[in-house]
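Per-entry structural report
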Amino acid sequence: MKLLAFLMQTGGHMAGWRHPDAAPAALTDIAYFQHCAAVAERGLFDGVFIADSVGYPPARGDDVFACLETPKLDPAVIIAALSATTRHLGFVGTASTSYSQPFELARRFASLDHVTGGRIGWNIVASTMENEAHNFGLASHYDHTERYARAGEFVDVAKRLWDSWEDGAMLADKAAGRYTDPARIHGVGYQGVHFQVAGPLNVPRGPQGHPVLVQAGASDVGKRFAAAHAEVIFTSHSSMATAQAFRAEMHELLREAGRSADSCKIMCAITPIIGASAAEAQATRTALDAAIPLPVAMGKLEGLLGNVDLSGHDPDGPLPDVPESGMSKSTWEQVVGLARREGLTIRQLAAQVAGGRTSRTVTGTAADVADELEAWYTSGAADGFVIAAPYLPAGLELFVDGVVPLLQQRGLFRTEYAPGTLRDRLGLARPDNGYASGAYAPVRPEFIGNGA
Ligand SMILES: Cc1cc2nc3c(=O)[nH]c(=O)nc-3n(C[C@H](O)[C@H](O)[C@H](O)COP(=O)(O)O)c2cc1C
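Our subject in this report is the structure included herewith. It should be emphasised that the depicted structure is a prediction, and the values quoted were computed from it without experimental measurement.

Conventions adopted
Residues numbered from 1 in each chain as written. Predicted model: local features only at pLDDT ≥ 70, side-chain atom pairs only at ≥ 80, totals over all residues. Heavy atoms only, no water. Buried < 20%, exposed > 50% of the residue type's maximum accessible area, 1.4 Å probe, protein only. Helix = DSSP H or I, 4+ residues; strand = E, 2+ residues; numbered from the N terminus. Pairing = 2+ DSSP bridges. Contact = heavy atoms within 4.5 Å. Near = heavy atom within 4 Å. Polar contact = N/O pair within 3.5 Å; in protein donor to acceptor, adjacent residues only side chain to side chain. Areas by Shrake-Rupley, 256 points an atom, 1.4 Å probe, with all protein chains shown as cover. Nonpolar A, V, L, I, M, F, W, Y, C, P; charged D, E, K, R; others polar. Domains from an automatic or database assignment. Phe/Tyr/Trp six-rings, centres within 6.5 Å; stacked < 30°, edge-to-face > 60°. Axes fitted to C-alpha atoms, helices over the stretch in contact; angles between N-to-C directions. Parallel < 35°, antiparallel > 145°, perpendicular 65-115°, else oblique. Left-handed = near helix turned anticlockwise from the far one by under 90°. Arc of directions from axis to C-beta.

**As for the pairing of strand 1 (residues 2-6)**
Among the 5 residues in strand 1, 5 count as buried, and that is most of the element. Along strand 1, one buried face is formed by Lys 2, Leu 4 and Phe 6 and the opposite face, lined by Leu 3 and Ala 5, is buried too. Note: strand 1 against strand 13 (residues 384-387), 4 bridges, orientation parallel. Across the sheet, Leu 3 pairs through a bridge with Phe 385, a residue of strand 13.

**Some thoughts on the side chain of Gln 208**
Summarising the element assignment, Gln 208 is placed in the loop between strand 8 (196-197) and strand 9 (212-215). Given the relative accessible area of 1%, Gln 208 is considered buried. Those residues within four positions of Gln 208 in sequence are excluded, and the remaining contacts are Asp 113, Gly 118, Arg 119, Ile 120, Thr 421, Leu 422, Arg 423, Arg 430 and Pro 431.

**Considerations on the site of the ligand**
The environment of the ligand is formed by 18 residues, the closest being Asp 52, His 144, Tyr 148, Ser 219 and Ser 330. One of the backbone N or O atoms of Ala 218 is found 3.1 Å from an oxygen atom in the ligand. Lys 329 is positioned with one of its backbone polar atoms (N or O) 2.8 Å from an oxygen atom of the ligand. A total of 610 Å² of accessible area belongs to the ligand in isolation, and the protein chains cover 86% of it. Secondary structure elements with two or more residues in the shell around the ligand: helix 6 (144-163) and helix 11 (329-342). Of the residues in the shell around the ligand, the class split is 7 nonpolar, 9 polar and 2 charged. Both domains that furnish three or more residues to the shell around the ligand are identified here as domain 1 (2-282 + 359-447) and domain 2 (293-354).

**Here we look at the environment of Ala 381**
As for its placement among the helices and strands, Ala 381 is situated in the loop between helix 13 (366-378) and strand 13. As a C-alpha pair, Ala 381 and Phe 246 span 135 residues in sequence and 8.0 Å in three-dimensional space. The residues touching Ala 381, leaving out its near neighbours within four places in the chain, are Met 240, Ala 243, Gln 244, Arg 247, Cys 268 and Trp 376.

**Things to note about the pairing of strand 2 (residues 47-50)**
Here strand 2 shows no split at all, with Gly 47 and Phe 49 on one side and Val 48 and Ile 50 on the other all buried. Where strand 1 meets strand 2, 3 bridges bridge the pair, whose relative direction is parallel. What sits directly across from Phe 6, in strand 2, is Phe 49. Bridge count for strand 2 against strand 3 (residues 90-96) is 4 bridges, and the pairing is parallel. Bridged to Ile 50 within strand 3 is Gly 93.

**Thoughts on the packing of aromatic side chains**
A ring pair, where both rings are aromatic, is described by two values, the distance of the centres and the angle of the planes. Applying the stated criterion across every chain yields a total of 14 aromatic pairs. Aromatic pair Tyr 32 and Phe 33: ring centres 5.1 Å apart, planes at 75°, arrangement edge-to-face. The pair Tyr 32 / Phe 33 is uniform in exposure class, with both members buried. On the numbers, 6.5 Å between centres and 65° between planes, the contact of Trp 376 with Phe 385 is edge-to-face. Of the two residues, Trp 376 and Phe 385, neither departs from the other in class, the shared state being buried. Each residue in the set Phe 109, Trp 122, Phe 154, Trp 162 and Phe 195 is aromatic and connected to the rest through ring pairs, giving one cluster.

**Focus: the packing of helix 11 against helix 12 (residues 346-354)**
Two numbers describe how helix 11 lies on helix 12: the axes approach to 11 Å, and their chain directions differ by 130°. Comparing their axes, helix 12 and helix 11 come out oblique. Note on packing geometry: the crossing formed by helix 11 with helix 12 is right-handed. When helix 11 is examined against helix 12, the residues Val 335, Leu 338, Ala 339 and Glu 342 are found in contact with a partner set consisting of Leu 349, Gln 352 and Val 353. Class assignment of the residues belonging to the contact of helix 11 with helix 12 gives a composition of 5 nonpolar, 1 polar and 1 charged.

**Some details on helix 3 (residues 75-83)**
Those residues of helix 3 that sit buried are Pro 75, Ala 76, Ile 78, Ile 79, Leu 82 and Ser 83. The arc that holds every buried residue of helix 3, seen down its axis, measures 160°, which confines them to one face. Here the buried face of helix 3 lies against helix 1 (30-42), strand 2, strand 3, helix 4 (102-115) and strand 4 (120-125). Between a side-chain oxygen at the N-terminus of helix 3 and the backbone nitrogen of Ala 76 the separation is 2.9 Å; the capping residue is Asp 74.

Next comes the structure, spelled out in structure tokens:
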């Protein structure tokens, strides 16, 4: 079983930061992240996952704004710092294909692969929110189709840049006076619709060849993108049945793309609310839910549905028809599906989404959580899990000290780290170099640099 710890905000529950054991002012304090990483490494996790966005919602004149969004330090900066205080733990950092350039992103992740000693993964996102577009000179966000077209080209260029240095191209040969081997460094000469990149990169190929490529979008186009590129899919399901169907569908799409099922690990988000007894866990959940005022939960719900306005509707009535959101189609489908399937009122739905419960929440003892993970894993619903503790770091500690030993006793999880990269740990092959294998055509020197 693979395990990642989700270090978004102060936990998977919107009110996690208000829990008595939550760390204050955590999100600007590297000691907080170091503590969480140490806990995850003590629990022998494959890695931690750092979500991100490149915008902050515009101010609104009510108290909702005071709790809707948390600050986010740059994931690359956090990861560089965490790599110095951990030895085995992997890191998945989020970065946007809509609001970055391939050269600078490929360089950042190649640098992180070196700095972490082969422990880096890239969560490829195309971004979802309008406010992100407004920070990059655009009046509105790229539409869904264009976003994925751009993302496809972006990843194609990034792979070429990572391959532009063949393994062994850095000689540092003191006797011969040759620092590099120019025959093993290649121009990229990429001429696409969205990107023109000369290359080569100015960073040698990292220990993993490419960072582990992670993806989370799950609309039809998102699933095809994942089948083409993703080595880990981070997905969210409220039931085991939908997770099983998703994994089976992804295996079929991988096969159509000429890839083996094994080449992509499917990891489901799980929020564990753990207590010494089921009643204690339920009390924690009730207290957390009560710490989110209704307007804040409504703000979260309206945002996930694509910034709709639900203020004119009775909170104790059903969710009205809302237009499909182009922000995140899969999230929209999940939230609307949850409301319809479970016959929830707007108020109940708002409480569910604010509690992080569009993914699976397990409220109970450590044994209840271990049972649930075992059932999902052995029934083929997932290759592993992204553990979104409701509050941090204490919620993650409860998992590491309570659930991990049970998974180990049942032979489902490692009892020590083996040496190796994040790729090795996840059972993913190191990619061949496209220039060395001849998959990428060499670029004639006169075409490097002029963009032709
Ligand atoms: C579990 C999960 C985690 C995600 N994490 C992020 C994130 O950290 N940053 C971000 O910009 N988008 C994130 N997304 C959004 C996706 O990357 C994707 O852009 C979005 O779901 C829209 O794609 P879709 O319409 O194909 O679903 C996440 C989505 C899911 C389901």
